[in-house]
Amino acid sequence: MTWHAQLALVLALVCPATAWCSGKSDACSSNPIPLRQFNALNYQANTCNLKWNRGCTSLDKHGALQQKPPPYSLCNSGHQPAGRVPVDAYTLSLQNNNFAPGSARWTLHGLWPGSVDGTGGKNQPYGCLNGEDFNETILTTFDGLLNYFWPTNAKFNNTMQCFILSEWMKHGTCAVIPGADGTAFRLPQEDYFRTAFVIANEFNESPTLRNQLLEKVKLDDVEPLISTRCVQCAYLATVGWTGTDVASVPRMSGDCIDQCFECGDFWDTCPPAQLESTVMLNSSNAPREKRDSSSNSNATASFPLLEFAMPAFMSSENSSPWEGTWRSFGAEEGGSGKFEFAQTFTDNVLTVTTDSPYPRTCTYERRGPKELVLRCGGDHLEDCLVQRLPDIGGLEAAFLACNHTGEPAPASFYAAMDTKGCGNFLMFRCKASAAGCSFSPDSISASEPKTETKTEPESGFESESKPSPVSHFQPGIAGAPPALLGSWRSLQVDSDYEEGLAQWNFTSDGQASLRWPNYPSRAVQRYSVSHSDEDPSLVLLASASGTITTCRFQFQYQPVYSYAVLDCGSAGDNEEDTQNTKWAMGRCNPCSAHCRYSCGAENDFCGAGSCDPAESVEAASVDALPSLFDNTRATLKDDHDWCTPEDSGCWPTKTAIRKLEQELDPTVPRLGLRWHSYPDPQPAPVPMGSIDNQSFYGLGNAPQGLKALYYYEDIAEMQRPCFNQADPPAVYNTASDMCKAAVHQNEYRNWNPFIVVFPLNERHVVAALNFAARHRLCIATAGTGHEYNSRNSCPTGGILIRTILLKDKTFMPTWHEDSTLAPAGAFRFGAGSTFAEMHAFSKDYSRVISSGWCSTVGMVGFHLGGGHGPFAPSMGLGVDNVLEIEVLQVGRNTYGQPVVHKKIASRNRNPQLFWAMRGGGGSVWGVVLSMTIRAHPVPDGGLSRVYMSQTGTFCPDDSSKFGYQWLRGMWTRFTAWQLSLNQKVSTQPGFFINTTLYNEKRNLCSVTWEFKFEYFYAGGQAERDYIRFRDGLKDVLQTDTVWEDNYKSAYDYLVSMPADKFTLVPVNPLPAQHPPSDVATGSQNSVLVSRQALKTKFTSTMMDVLDICVKSLKNPDKTSPDVSGYRCGFHYLYTSLTGNLGSTQPGDTAISPGFRSALMLWNARTLTTQQSNDTVYKLGPNSYFSESSYVMHNWTARYWGEKAYEQLLGVKKAHDPGNHFWCHHCVGDNPDDAFGEPLGAAAQADFGDQPDAAAQAEFVEQDKL
Ligand SMILES: Cc1cc2nc3c(=O)[nH]c(=O)nc-3n(C[C@H](O)[C@H](O)[C@H](O)COP(=O)(O)OP(=O)(O)OC[C@H]3O[C@@H](n4cnc5c(N)ncnc54)[C@H](O)[C@@H]3O)c2cc1C
């Protein structure tokens, strides 16, 4: 019996089903539970509104009927775009059976199709209902099989009927096996169960398979990912199997078993089956059976291979997918070539005709559907991987990666590009259906091209100097679409003549050039470039003579190396234009840290959306777009789609959490966060009242230290504030471990993470990111937790990746990228490093770093946001010192699935990202693993510190020394002194108002102030300027009491301070007293004050601010953060920036112009929005990102300026197109949301509601039905 006939027989058995329980109607149930989730993109609404039959209901705790499983878990295909369900893996949920005597050792809980999202299987399509109702007859037919392989666990109080019904309706209806042309075939119900039985049987019977499984997970309940191909194999084994007893279950072939875990951890090599249609598998439309007639292997010959999800792979029933001639070019070398594959597979011959590097005929052996082993000439064996790529622009595409070293073929193109000794080629040929596409299979022309325009003689690429640009005059947006930027190896593929390899180069200044490496004498053709606003794939090339050519740019993103087609038709007839030409092109992805080829500066235009993941958004055809992207443009995904506990489809199960924990090496000790004893530096923030000055409230104090992972077992607890204003500090110690693990500066929104992880290395961060992407969790990152505005927190309970334990440090005497940038060497430090640790480390090398003021602050947050400090005027702001950043991001593979990339950002690598991460703030660019910054020599004469203070009152009468009127004079003197400062001085003046006595005395003379004035002088105390500034300040404050110290290192300064010096700065875990609003703006209202504004407006503005304080004493305002309702607080008036005389002000970072040129940073506490607008904000248009108020209108303009913000957003779109990384008032947040309500005001208000604990418990158990 042929395979098709067997299939028909199977189907015939399925069809005459009886006793249907209609999933679509209410016939089975009168239960009125409404559908709670519906993804409009997926399937028909009516089929989603599924109600189970009455047998599958139970009473909830209120006595109401509830459905099992709840209907809201259906019709949710997660992020899948309309009509498509990518199934690239199946989750095989098995349990090591200990509950059903007489059943298999390993029993099934489920076989769940899913999308791996790079590494996992939880992004599952649910309820892909297309009229498939549950045919209950299988409960009888498969009674023996079900009870043996798929028994019901009594602990869930379920029936076999409901369990199996739910497995089918929820998961089985989405089960597909891939066919050709991207079509996937849905498995009918009986086939689905038979396939699952075969797999379950195989895992019980095959030691090989079971060992592979147990290598992955050593638990009793396992949920490994198995490949779609494995399921396809199991399905093929069922063909012709009609038995219903356990003994009759067919075995999978050995080949098949090998394929179950073939994807390893690299799912981008395993393409998904895109369920684009609802094609049900039957005899007429089943995937065509392919037999490789060339293969001598009996095993392969007897095994019907279904071509595996390779679009258009099978051009006709009997022909080889490789038949025909392919034009190709080397990815890394200048050669072009032609791989002429054998016309049929029977003769095993591949003729390779190329200019390099294969001038031979090769024989080949086909190894599976996507690999060939080439034997080229004599005994030289090349192990090659040949794989088809998605078609593009009327062309079929493929790549060939050959390992010249005798080692096995690389596992993927991605791997090939990073494997030494691999020759990599892109191959193209016309699609059979593409009219007019016929580039010649004949020999490569060695002659000069027919048309040769010597408009600009050149002897070769290298010698060309300063070409004159072609000016822009064509319509459209000037410049190439970002995905087109870079240098492309290209082949002209439209016409009969061949000129070998060409090189297109598109630069960010809107210029393009076309060169011919094989014809060095030929002129370079130059164009200016523009593109259509509405359709960025429409590109206009204008030549110097004015001819405009319109090209259609089509783009296919691949990991590391992408390819494209530029199809140009001329609007003019000048011979120098690219008239009717079509180019197949390939290039390294910009910003690809992994690609060892051609990733020089020319392919690193990371500006405005050109980095790899986003390239596919800008220019790929819409069909090929990853699902998370909006429409056709490279828009950031604005509407957050974070998973919530209510969404069982994505919310992590305990099994998944345990698996993540295993990946984090939980037994490795996480120690070292204890602040052993003063004067050792504090390695981490010290929460107020924390036991024994332990970071994280003593969590980790036990000998085993911190755990790898903490999470809320009880979701209700997650939704409660962790700490309470009413509690004394001692009570904080009784907070849950989870609260302690997540501790950070005071909360404005009660956003607790669901999971906190403490990675120890890059691998751990990758695991956490994969987990987060898979479960659609909002990702927050924190080191120390100092951030003032909850930028280390996510709404909805996401994941908090706490990098505090990444503390590696290295000193590099020479900075490899450019030693002139760091003449005194460089420090690389892990993302968990604090100022104090860095000062200790740099002292060992007699160096100093330009840190901030307070020892406990983390290096990463400081450098991302800007960074002012005691040495900034002489050594630069934090951002000025960064040399390199190592960051992990969540990008997309070809199939739109999230994958974790590592990027290095520096002046030469990913320069736009580098620009953005120096001042763009927040954690929105990915998780930083390490940074490298400049080391500075300790200045001659050392580091001199000066401390003075003055106190006074608010006594209004003129005669009071140090009274209110005296203050006006002091501010004027202070201003003059500040303006005189040179780059050696950096100040930290704090003006503190004390109102505690006022409540009792109601007298302004009882209101006191203290001006504590600390500053550093980068040099010795004998220097003239040192003396001048010190004496000047004595005059300002009218004091003779001065503390003066001199240090050889910044660390010496830290340890010389009294033990309580830093008691001012612990991380305060208490929630803000008032919800954010215009009257309770939170944190501090900051303004960067220019020299001019300081000179002309500071004194009067300060007096206005003090007047606000005085008025509030008379009319307290309950919304003030001050408990008495006053608006007094304190003010920091830093001159620790780059506005001093003689300071350098580099312009290459993302901080605002106001930050760059400001002389003073004024951080004012307790003002309302209106009061800030009337006073401090009038002093300058910019605020400091890292020290500012939680509530801010026009925050994009105040932090960066609108223009820079647009650029930052472009970089953000390019590097985090799925918007995985979010933080409050960070790049990518809603610019119109002044108050920080990403879930909307209503949702914020509801967020504190206590959820029903029982309902929450159900979510956890739900998937165990
Ligand atoms: C007491 C105190 C004193 C301060 N003094 C100064 C000062 O003198 N000069 C100055 O300029 N600023 C100062 N600041 C502000 C400080 O620079 C910011 O609060 C800064 O964000 C703190 O960084 P952090 O890493 O310690 O904090 P965190 O809260 O751990 O992180 C801060 C931000 O950086 C992100 N982040 C942290 N680690 C990573 C990572 N590995 N990958 C990606 N993103 C990450 C977080 O998500 C968050 O958005 C001070 C703050 C406090 C509370």
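You'll find the protein chain entered in an unreviewed UniProt entry as FAD-binding PCMH-type domain-containing protein, with Neurospora tetrasperma given as the organism.

**Description of the pairing of strand β41 (residues 927-934)**
With eight of eight residues buried, β41 is to be regarded as a mostly interior element. With five bridges joining them, strand β37 (residues 826-830) and β41 adopt antiparallel strand pairing. By the bridge assignment, A826 is partnered in β41 with R934.

**Here we look at the sheet that holds strand β44 (residues 985-994)**
Here seven strands make up an open sheet; going across it, the order is β46-β43-β45-β44-β48-β49-β47 and the pairing antiparallel. Bordering the open sheet on either side are β46 (1043-1047) and β47 (1084-1089), each of which pairs with just one other strand. Within this sheet the neighbouring strands show an average axis-to-axis angle of 15 degrees, counted without direction. Here strand β43 (residues 943-953) runs beside strand β45 (residues 1008-1018); their pairing, made up of eleven bridges, is antiparallel. What sits directly across from Q950, in β45, is F1011. Contacts between helix α27 (residues 1091-1114) and the sheet are confined to β44, β47, β48 (1130-1134) and β49 (1160-1165), with β49 contributing the most and set at about 10 degrees to the helix.

**Focus: helix α18 (residues 835-843)**
Since the α-helix turns once every 3.6 residues, residues separated by three or four places project in the same direction. Of all nine residues making up α18, seven are buried, and the element is well covered by its neighbours. Buried within α18 are the following residues: F835, A836, E837, M838, H839, F841 and S842.

**Notes on the site of the ligand**
The local shell around the ligand holds 33 residues, among which T781, G783, T784, G858 and Y1184 are the closest. For the ligand, an oxygen atom lies 2.4 Å from a polar atom in the side chain of T784. Backbone polar atom of H786 to an oxygen atom of the ligand: 3.1 Å apart, as the coordinates give it. Counting only elements with at least two residues in the shell around the ligand, the list comes to β34 (779-782), α19 (859-865) and β41. Of all the elements, α19 adds the most residues to the shell around the ligand, at four residues. Looking at side-chain class alone, the shell around the ligand contains 13 nonpolar, 17 polar and three charged residues.

**Considerations on the environment of S1124**
Within the secondary structure, S1124 is located in the loop between α27 and β48. Here S1124 falls in the partly exposed class, since its relative accessible area comes to 21%. Expressed as a C-alpha distance, the spacing of S1124 and S1112, which sit twelve residues apart in the sequence, is 9.6 Å. Setting aside anything within four residues of it in sequence, one finds S1124 in contact with N999 and P1116. In this structure the side chain of S1124 is engaged in a polar contact, spanning 3.3 Å, whose partner is the side chain of N999.

**Quick word on the environment of L1106**
Checked against the element boundaries, L1106 lands in helix α27. Residue classification places L1106 among the buried residues on the basis of a relative accessible area of 0%. It is 8.8 Å that separates the C-alpha atoms of L1106 and R1127, two residues lying 21 residues apart in sequence. When near neighbours in sequence (up to four residues on either side) are disregarded, L1106 contacts F954, Y964, L967, W971, F991 and I993.

**Things to note about the pattern of salt bridges**
Applying the stated rule across the entire model yields 26 salt bridges. Linking R429 and E396 is a salt bridge whose minimum nitrogen-to-oxygen distance equals 2.8 Å. A residue pair is termed long-range when its members are at least 10 positions apart, and R429 in strand β22 (residues 422-430) and E396 in strand β21 (residues 395-403) qualify at 33 residues. R429 gets classed as buried once you look at its relative accessible area, which sits at 9%. A salt bridge links E886 to K902; the nearest nitrogen and oxygen atoms lie 3.0 Å apart. Taken together, the residues E886 in strand β39 (residues 882-892) and K902 in strand β40 (residues 898-906) connect sequence positions 16 residues apart. By relative accessible area, which is 22% here, K902 ends up partly exposed. A single salt-bridge network, built from bridges that share partners, covers R1030, D1031, K1034 and E1044.

**What to know about the state of the cysteines**
As enumerated under the stated definition, the model contains eight disulfides in all. Between C230 and C260 runs a disulfide, and the two sulfur atoms are separated by 1.9 Å. Note on the C230 and C260 pair: the S-S dihedral is about 60 degrees, so by sign convention the disulfide is right-handed. Of this pair, C230 sits in helix α8 (residues 228-238) while C260 is found in helix α9 (residues 254-260), placing the two residues 30 residues apart along the sequence. According to the relative accessible area criterion, C230 is buried, its value standing at 0%.

**Describing the packing of aromatic side chains**
How two aromatic rings sit relative to each other is given by the distance of their centres and the angle of their planes. Using the criterion set out here, one finds 67 aromatic pairs in the structure. Each member of the aromatic cluster is reached from another via a ring pair, and the members are F962, W966, W971, F974, W977, F991, W1009, F1011, F1013, Y1015, F1098 and W1162. Cation over ring: R918 sits above F914, and NZ or CZ is 3.9 Å from the ring centre. Positioned above the aromatic ring of Y1177 is the side chain of R1198, whose terminal nitrogen or guanidinium carbon lies 4.0 Å from the ring centre.

**Considerations on the sheet that holds strand β35 (residues 799-802)**
Here four strands make up an open sheet; going across it, the order is β32-β33-β35-β34 and the pairing mixed. Both edges of this open sheet fall to β32 (709-711) and β34, since each of them pairs with a single strand only. For this sheet the average axis-to-axis angle between neighbouring strands, irrespective of direction, equals 20 degrees. Helix-sheet contacts for helix α13 (residues 654-663) involve β32 and β33 (755-757), and the interaxial angle to β32 is about 160 degrees. Here helix α17 (residues 762-774) sits on the sheet and contacts β33, β34 and β35; the angle it forms with β35, its principal contact strand, is near 170 degrees.

**With respect to the nonpolar core**
F954, W971 and W1162 are the most contacted members of the largest nonpolar core, which totals 159 residues. Counting residues per element, this core draws most heavily on α27, which supplies eleven residues. Residues L146, W168, M169 and F185 belong to the second largest nonpolar core, which totals 54 residues.

What counts, and at which threshold
- Residues numbered from 1 in each chain as written.
- Predicted model: local features only at pLDDT ≥ 70, side-chain atom pairs only at ≥ 80, totals over all residues.
- Heavy atoms only, no water.
- Buried < 20%, exposed > 50% of the residue type's maximum accessible area, 1.4 Å probe, protein only.
- Helix = DSSP H or I, 4+ residues; strand = E, 2+ residues; numbered from the N terminus.
- Pairing = 2+ DSSP bridges.
- Axes fitted to C-alpha atoms, helices over the stretch in contact; angles between N-to-C directions.
- Contact = heavy atoms within 4.5 Å.
- Near = heavy atom within 4 Å.
- Polar contact = N/O pair within 3.5 Å; in protein donor to acceptor, adjacent residues only side chain to side chain.
- Nonpolar A, V, L, I, M, F, W, Y, C, P; charged D, E, K, R; others polar.
- Salt bridge = Lys/Arg side-chain N within 4 Å of Asp/Glu carboxyl O.
- Disulfide = S-S within 2.5 Å.
- Phe/Tyr/Trp six-rings, centres within 6.5 Å; stacked < 30°, edge-to-face > 60°.
- Lys NZ or Arg CZ within 6 Å of the ring centre and 35° of its normal.
- Core = buried A, V, L, I, M, F, W, Y, C linked by side-chain atoms within 4.5 Å.

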